[in-house]
Amino acid sequence: MQYVELNNGVKIPQIALGVFMIPEDEDAKKACLSAFELGYRHIDSAHHYYNEAGVGAAVRECGIPREELWITSKIWPDEYADESAIDKMLARFGLEYLDLVILHQQVGDYIAGYKNLEKAYKAGKVRAIGLSNFESERLEEVLAAAEIKPQIIQVEGHPYFQQAALKERVKPYGTRMEHWFPLGHGDANLMNEPVFTELAQKYGKSNVQIILRWHIQMGNIPLPRSTNPEHQKQNIDIFDFELTAEEMERIKALDQGKRYWTLTLEQQEEKFLNIKLAE
Ligand SMILES: NC(=O)c1ccc[n+]([C@@H]2O[C@H](COP(=O)([O-])OP(=O)(O)OC[C@H]3O[C@@H](n4cnc5c(N)ncnc54)[C@H](OP(=O)(O)O)[C@@H]3O)[C@@H](O)[C@H]2O)c1
């Protein structure tokens, strides 16, 4: 496993297993246990994925020292103003601390939400804090209000949508970028781009491994999801080869500003504020 250092000196494993769309605790636990066995040390969960208890059970049962694992979760907008949201989250996981907690969406009382993250950070309940999907001017609003600048921003990112502009916006804060949909949510068009097929043949790897290697060399933290142990195995077997500068340029040329997730800020407000998770 390879690590990157965050702006507070904490080191994060550079690739995670994402557990979106694995809503049964037992399935999430199984996926995490298989990933840990293969060498993963980083899981990306969320309250909205409904599987925090399953992830927590895998952490407690896997036999790996807690300090070697990195567990991320996300707070949903309806709990941003709730000062006990992180304590409730820790109870759902059955864990004493989390490594990273981020605000899941850029709607609701996000300033209060960020202040609650800062309190939890200072209390030692989380080792890093950050934002997810803050790509409007609300990003700068939170950055200005933040006493502790975010360690992480998690956004959609893949070769069709490389996020160069956002990277520049957060650079002054030392905020590192995590990429969701790192494989385009499994889009065959992306995975089968001829440049990936050509490089896969050259390096004796799969197309997906070339995409993930590109993320790593870009300095991103990709969060690929898979419940298939063969795919999980492949997805972390990417640290024994290196793409050349010219190959990185060819992949850069695939950027077409294409998001798979295209809601306007108004649509995000309407959709996400109607989802209630806090019990
Ligand atoms: N913050 C946010 O708002 C947000 C939003 C979306 C996602 N996320 C995070 O990002 C993670 C990834 O997103 P995602 O799961 O939707 O998209 P993804 O990782 O880009 O794509 C997942 C798809 O790729 C397939 N796949 C994985 N490895 C493969 C391999 N080696 N060969 C062939 N196919 C492979 C998976 O199928 P198999 O299971 O069959 O391998 C699955 O269908 C999520 O799990 C979540 O943690 C965050």
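Thresholds, definitions, all that
Residues numbered from 1 in each chain as written. Predicted model: local features only at pLDDT ≥ 70, side-chain atom pairs only at ≥ 80, totals over all residues. Heavy atoms only, no water. Helix = DSSP H or I, 4+ residues; strand = E, 2+ residues; numbered from the N terminus. Rg over C-alpha atoms; globule rule 2.2 N^0.38 Å. Buried < 20%, exposed > 50% of the residue type's maximum accessible area, 1.4 Å probe, protein only. Contact = heavy atoms within 4.5 Å. Areas by Shrake-Rupley, 256 points an atom, 1.4 Å probe, with all protein chains shown as cover. Lys, Arg positive; Asp, Glu negative; His and termini not counted. Charge placed at Lys NZ, Arg CZ, Asp CG, Glu CD. Core = buried A, V, L, I, M, F, W, Y, C linked by side-chain atoms within 4.5 Å. Phe/Tyr/Trp six-rings, centres within 6.5 Å; stacked < 30°, edge-to-face > 60°. Lys NZ or Arg CZ within 6 Å of the ring centre and 35° of its normal. Near = heavy atom within 4 Å. Polar contact = N/O pair within 3.5 Å; in protein donor to acceptor, adjacent residues only side chain to side chain. Patch = residues over 30% accessible without salt bridge, like charges linked within 9 Å, V, L, I, M, F, W, Y side chains within 5 Å. Salt bridge = Lys/Arg side-chain N within 4 Å of Asp/Glu carboxyl O. Pairing = 2+ DSSP bridges. Right-handed = clockwise from strand over helix to strand, strands pointing away.

Enquirer: Help me understand the overall build of the protein chain in this model?
Expert: Looking only at helices and strands, the protein chain has 12 helices and 10 strands in total. The globule rule puts the C-alpha radius of gyration for 279 residues at 19 Å, and the 18 Å found for the protein chain is close to it. Overall, the protein chain is about 55 × 45 × 35 Å in size when its C-alpha atoms are taken along their principal axes. Taking all 279 residues of the protein chain together, the buried fraction comes to 54%. Considering only contacts within the protein chain whose residues lie at least 6 apart along the sequence, 74% involve residues at least 24 apart. Surface accessibility of the protein chain: about 11900 Å² in total, with carbon and sulfur atoms responsible for 50%. Seen as two clouds, the 31 positive and the 43 negative side-chain charges of the protein chain have centres 2 Å apart.

Enquirer: Looking at this structure, how should I read the nonpolar core?
Expert: A general feature of soluble globular proteins is that nonpolar side chains tend to end up buried together. The biggest cluster of nonpolar side chains holds 69 residues, and the ones touching the most others in it are Phe36, Ile71 and Leu98. At six residues, helix α9 (residues 207-217) tops the list of elements feeding residues into this core. When sequence neighbours within four positions are dropped, the list of residues in contact with Phe36 reads Arg41, Ile43, Ala58, Val59, Cys62, Ile64, Leu69 and Ile71. Grouped together as the second largest cluster of nonpolar side chains are 14 residues, Val4, Leu100, Ile102 and Phe181 included.

Enquirer: Looking at this model, I keep getting lost on the packing of aromatic side chains. Mind explaining?
Expert: Each aromatic ring pair is specified by the distance between its two centres and by the angle formed by the two planes. Under the defined criterion, the tally for this structure stands at six aromatic pairs. Taken together, a centroid distance of 5.7 Å and an interplanar angle of 80° make the contact between Tyr110 and Phe134 edge-to-face. Remark: Phe134 occurs in the loop between β7 (129-132) and α5 (138-145) and Tyr110 occurs in helix α4 (residues 110-122); sequence separation between them is 24 residues. Both residues of the pair, Tyr110 and Phe134, count as buried. Considering the side-chain rings of Tyr203 and Phe241, the 5.1 Å spacing of their centres and the 45° angle between planes classify their relative orientation as tilted. Highlighted residues: Tyr203 in helix α8 (residues 194-203) and Phe241 in the loop between α10 (229-236) and α11 (245-252), separated in sequence by 38 residues. The buried category is assigned to Phe241, whose relative accessible area is 10%. Taken together, the aromatic side chains of Trp180, Phe181 and Tyr260 make up a single cluster linked through ring pairs. Over the aromatic face of Tyr97 sits the side chain of Arg66, whose NZ or CZ is 4.0 Å from the ring centroid. Its end group placed over the ring of Phe241, Arg213 keeps NZ or CZ at 5.8 Å from the ring centre.

Enquirer: What's the story with the site of the ligand in this structure? I'm lost.
Expert: The environment of the ligand is made up of 28 residues, and the closest members are Asp44, His185, Arg225, Ser226 and His231. Between the ligand and the protein, one listed contact pairs an oxygen atom with a side-chain N or O atom of Asn133 at 2.8 Å. In the model, an oxygen atom of the ligand is placed 3.3 Å from a nitrogen or oxygen of the Pro182 main chain. If one sorts the elements of the shell around the ligand by residue count, α10 sits on top with three residues.

Enquirer: Whenever I open this one, a negative patch on the surface confuses me. Can you help?
Expert: Taken together, the side chains of Glu24, Asp25, Glu26 and Asp27 define an acidic patch exposed on the protein surface. Residue placement: Glu24 occurs in the loop between β3 (17-18) and α1 (25-38).

Enquirer: Would you take a moment to explain the pattern of salt bridges for this structure?
Expert: One side chain can pair with another of opposite charge once the charged atoms of both are near each other. Applying the stated rule across the entire model yields 19 salt bridges. A salt bridge links Glu5 to Lys11, with the nearest nitrogen and oxygen atoms 3.9 Å apart. A relative accessible area of 46% means that Glu5 is categorised as partly exposed. Through salt bridges that share partners, Arg66, Asp99 and Arg127 make up one connected network.

Enquirer: It is not clear to me how the sheet that holds strand β10 (residues 221-222) should be interpreted in this structure. Could you clarify?
Expert: Hydrogen bonding along the main chain pairs the strands of a sheet, whether they run parallel or antiparallel. In spatial order, the strands read β3-β4-β5-β6-β7-β8-β9-β10; together these eight strands make up an open sheet with parallel pairing. The open sheet has two edge strands, β3 and β10, and neither has a second partner. Summarising the sheet, strand β6 (residues 100-103) and β7 pair through three bridges and their orientation is parallel. Residue Ile102 lies in a different strand from β7, and its bridge partner there is Gly130.

Enquirer: Sorry if this is basic, but what is going on with the pairing of strand β9 (residues 176-180) here?
Expert: On a regular strand, each side chain points to the face opposite its neighbour's, so the side chains alternate between the two faces of the sheet. The element β9 is extensively covered by neighbouring structure, given that four of its five residues are classed as buried. Two elements, strand β8 (residues 152-156) and β9, share five bridges in a ladder whose sense is parallel. Bridge pairing links Val155 to His179 in β9. For the handedness criterion, the β-α-β arrangement of β8, helix α6 (residues 164-170) and β9 is classed as right-handed. Pairing geometry for β9 and β10, over two bridges, is parallel. Paired with Glu178 across the bridge in β10 is Ile221.

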